[in-house]
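What the coordinates show
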Amino acid sequence: MAGKHIKVLLVEDNPGDVFLLQELLREVTTVVVDLIPVERLNEALNYLAKEIFDVILLDLSLPDSQGLETFVIAHHQAKATPIIVLTGIDDETLAISAMQQGAQDYLVKGQLTGDLLVRSIRYAIERQRADDALRHSEERFRVALKNSPIFVYNQDRELRYTWVYNPPDGLTVEEILGKQDLDIIPVEDAQRLIAIKRGVLNTGRGTREEVSITIRDTTRYYDLTVEPLRNESQEVVGVTCASIDISEQQAALRERKLAEEKIREQAALLDVTTDAICVRDLNNQIIFWNQGAETLFGWQATEAWGKNASELLFDEHSPEIEAALLQVISKGKWQGELTKLTKTDKEILVASRWSLVCDEQGKPKSILTVDTDITEKKHLEAQLFRAQRLESIGTLASGIAHDLNNILTPILVGAQLLPLKFPDADERTRHLLEILEINARRGADLVKQVLSFARGVEGKRITLQIKHLILEVAKILKQTFPKSIEISTDVPQDLWMVSGDSTQLHQVLMNLCVNARDAMANSGSLSISAENVLIDENYARINLEAKEGSYTLITVCDTGVGIPKEILDRIFEPFFTTKDVGQGTGLGLSTVLGIIKSHGGFVKVDSEPGSGTTFKVYLPAVGGMEIFTPEELPPQTGHGELILVVDDEIAIQEITRTSLEDHNYKILVASDGIEAIAQYAQNMGKISVVLMDIMLPSLDGLTAIRTLRKINPQVRIIASSGLMPDNKLSAVAAIGVNMFLPKPYTVNELLLSLQKVLS
């Protein structure tokens, strides 16, 4: 329609009606109407194919078409042109049917006026325009939603679907319309949706929720918006909903959450590990610091972040650190041992592994450092190396002691026999013989100390109370030490007892106290204390010599000059001494260590130059009552018994023969095991005791003893040796030897041994 000009196609076969309409339109002055009349539908269709009209006035009863079909054909030909149906008074029902099919209005012939006709034409045109606009809008809406994941629908107050667009995969519009949620989706999902929609119906307020819906075993996630649907009176008559499929976003969110969880787990693992993990940038600034680093170095992560790693962990920048940095930059890795400082300035030794971290382009961006505390491990290694070193020294000392014992035995026995052989010797000669015996005994004692260090010589073990030994030693010290040295003791009444040799433990205390005295040249204080201690698994784990259990701890503490750190690990080595020549043999502490080890205990020492030294002696505690042994009886002479002496040392053979013959014994001599067996086989009925050296050529003493036992199970045997390893000592006991006599021995010790075996 252009301006006030309306072009109308009139389809009417009655000339009177055509004339009437033309006259009515002429009466209207507000608009110009071009009325083109045709009598048949075909003529109208031809016009419509060639020209465009603003409106069509259509009579449904035509020569070539009748009834509602006339409208259907015309409407199909010109969908964009509004049609007003002309009908008689009796055909109003037919006109209404035409409007239901899309007619804009209907007019009853005979009741028309010009204004009514024009007004109806105008309304028809406007309604057609509104319908076109709505149709275009709906089309745009359909195009917009066609490929989108938005599911749009309306539901009435009973939540039945009344309008549906773009249903989700797995459902069609026909399957949804007229249904409720319980009819098309699982109960649990439906109940969730019903609760949301009922809330909107009851409150009149819209809402937005995330929901999941399962359709044919496939679960999808939706962003659901529900708004109240109102009528013209603003009453809530239902709900209108829009569901946006967010399944892909949810999947991505789950993947991100899983990735974040994995990162958290990895971070937690980094914090669980006891290793110290640190990441620093190429400027040496710390950017990561795990809980292991907090525990090891004492710095919290918030304190370490941003700090220079070298300034935080090292006393000074060393060439070793510079070399490590160069290697990790050039080769990507470095590992070694470093001494680092904790927050309290304590030095710890760590096994450090450095790795270069690069970005996606392969450019270095940071250095990852993993530190493992090996301070304790190194301490244990030092203990092990020290024990191995002492063991090797002990093996050497044992071999020397064996030869020295064989040398000292005839000297010691000869020194005792010569005064008996020459009772009329002058005083000077007797004095020389006395000096000879004294020095032979000193040599024998020195060898015993070496053996005590080497393998812990077994003494006579009884259950004894250390308290008595400490008090006895303290009494001696107060009488003999300078008055400038203050001596004190602290021993509880309920001190546990130990199983040990009182003579050897007395020697241990004296050796430690004499060393303490020598360390306090001018004045000082010496304290001897004892206490009951329990050693647990943790302490035993970091101290190789210790075992779990109850111990009696003896502590000897002085305020002397102390021991320098560089020699502290060597003080138990035999013949090692810092004293001047002639003031010590270097066997005192090695003897202490050997005796305590033979008692199943161990020794710890702490010393600070200028602040004194503390020795801690740990002895395994035992239960039971204290045991005392009577004094040994003086030796008695023999009654002509025949003794077979088996030894490969001629000097020992001769001196032993002389000693025994002087005390009314008869002697047979053999130089090795084979000769001993032959001698015993010939004189089995006459020989009372066999004195057998264990270390023999040709056939060793143990084999010879077993053979003698086969010849005569009742044979009496005294085994003798200058060196008896623990394994051989147990073997000697196992084959039934009556007694063991260690070399060097005195005449009295030899006679007492024979006396005990013969009795």
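Residues numbered from 1 in each chain as written. Predicted model: local features only at pLDDT ≥ 70, side-chain atom pairs only at ≥ 80, totals over all residues. Heavy atoms only, no water.

1. Quick notes on a nonpolar patch on the surface
Which entries qualify depends on this criterion: A patch consists of residues whose relative accessible area exceeds 30% and which take part in no salt bridge; residues with like charges are grouped when within 9 Å of each other, and nonpolar side chains (Val, Leu, Ile, Met, Phe, Trp, Tyr) when within 5 Å. Where accessible areas are quoted, they stem from the Shrake-Rupley method and a 1.4 Å probe; at the residue level, only the protein chains shown are allowed to cover. For this document, the term salt bridge refers to a Lys or Arg side-chain nitrogen within 4 Å of an Asp or Glu carboxyl oxygen. Here a strand is any run of E in DSSP of at least two residues, a helix any run of H or I of at least four, and the numbering for each starts at the N terminus.
On the surface, a nonpolar cluster with roughly 430 Å² of combined accessible area is contributed by Ile407, Ile411, Leu418, Phe422 and Leu436. Sorting elements by how many residues they give to the nonpolar patch places helix α14 (residues 375-421) first, with 3 residues. Within the secondary structure, phenylalanine 422 is located in the loop between α14 and α15 (427-455).

2. Looking at the confidence of the model for the protein chain
What counts here: Each residue gets a pLDDT score, which is the predictor's confidence in that residue and runs from 0 to 100. For this analysis, residues touch if any pair of their heavy atoms sits within 4.5 Å.
Mean pLDDT over the protein chain: 81, with 84% of residues reaching 70 or higher. Across residues 580-585, confidence stays below pLDDT 50; counting only partners more than four residues off in sequence or on other chains, it has 4 contacts.

3. Describing the packing of aromatic side chains
Going by this rule: Classification of ring pairs uses Phe, Tyr and Trp, with its six-membered ring standing for Trp, and accepts pairs whose centres are within 6.5 Å; under 30 degrees between planes counts as stacked, over 60 as edge-to-face, and the remaining range as tilted. Each residue's exposure class comes from its accessible area (1.4 Å probe, protein chains only) as a fraction of the maximum for that residue type: buried when under 20%, exposed when over 50%, partly exposed otherwise. Charge-over-ring placement is defined geometrically: NZ (Lys) or CZ (Arg) within 6 Å of the ring centre, and within 35 degrees of the ring normal.
Counted according to the given criterion, the structure contains 8 aromatic pairs. Here tyrosine 551 and phenylalanine 602 contribute two aromatic rings whose centre-to-centre distance is 5.7 Å and whose plane-to-plane angle is 70 degrees, an arrangement assigned as edge-to-face. Of this pair, tyrosine 551 sits in strand β22 (residues 549-558) while phenylalanine 602 sits in strand β23 (residues 602-608), and the two are 51 residues apart along the sequence. Taking relative accessible area as the criterion, tyrosine 551 reaches 4% and is therefore assigned buried. The side chain of lysine 7 reaches across the aromatic face of phenylalanine 53, ending 5.0 Å from its centre. A cation over a ring is seen here: arginine 280 above tryptophan 354, with NZ or CZ 4.3 Å from the ring centre.

4. Some details on a negative patch on the surface
Short version of the rule: A residue counts as positive if it is Lys or Arg and as negative if it is Asp or Glu; His and the chain ends are not included. Working definition for charges: the position is that of NZ of Lys, CZ of Arg, CG of Asp or CD of Glu.
A cluster of like negative charges, contributed by Asp315, Glu316, Asp345 and Glu347, occupies part of the molecular surface. Relative to the elements of secondary structure, glutamate 347 occurs in strand β16 (residues 347-358).

5. Observations regarding the pattern of salt bridges
Overall, the coordinates contain 16 salt bridges when judged by the stated rule. One salt bridge connects arginine 26 with glutamate 23, and the closest N-O pair in it is separated by 2.6 Å. Placement of the pair is arginine 26 and glutamate 23 together in helix α1 (residues 15-26), with a separation of 3 residues, close to one helical turn. By relative accessible area, which is 55% here, arginine 26 ends up exposed. Measuring nitrogen to oxygen at the nearest pair gives 3.6 Å for the salt bridge that ties aspartate 275 to arginine 353.

6. Topic: the sheet that holds strand β2 (residues 32-38)
Here is the rule we go by: Paired strands, in this sense, are two strands between which DSSP finds at least two bridges. Only the contacting stretch of a helix is used when fitting its axis, a line to C-alpha atoms as for every element, and angles between N-to-C directions run 0 to 180 degrees.
The sheet built from 5 strands is open, its strands ordered β2-β1-β3-β6-β7 with parallel pairing. With one partner strand each, in any of the chains shown, β2 and β7 (105-108) form the two edges of the open sheet. Mean inter-strand twist for the sheet, computed between neighbouring axes without regard to direction, equals 25 degrees. The pairing of strand β1 (residues 5-11) with β2 spans 7 bridges and is parallel. Of the residues in β2, the one forming a bridge with leucine 9 is isoleucine 36. In this fold helix α4 (residues 92-100) packs onto β6 (83-87) and β7, with an angle of close to 165 degrees to the strand it touches most, β7.

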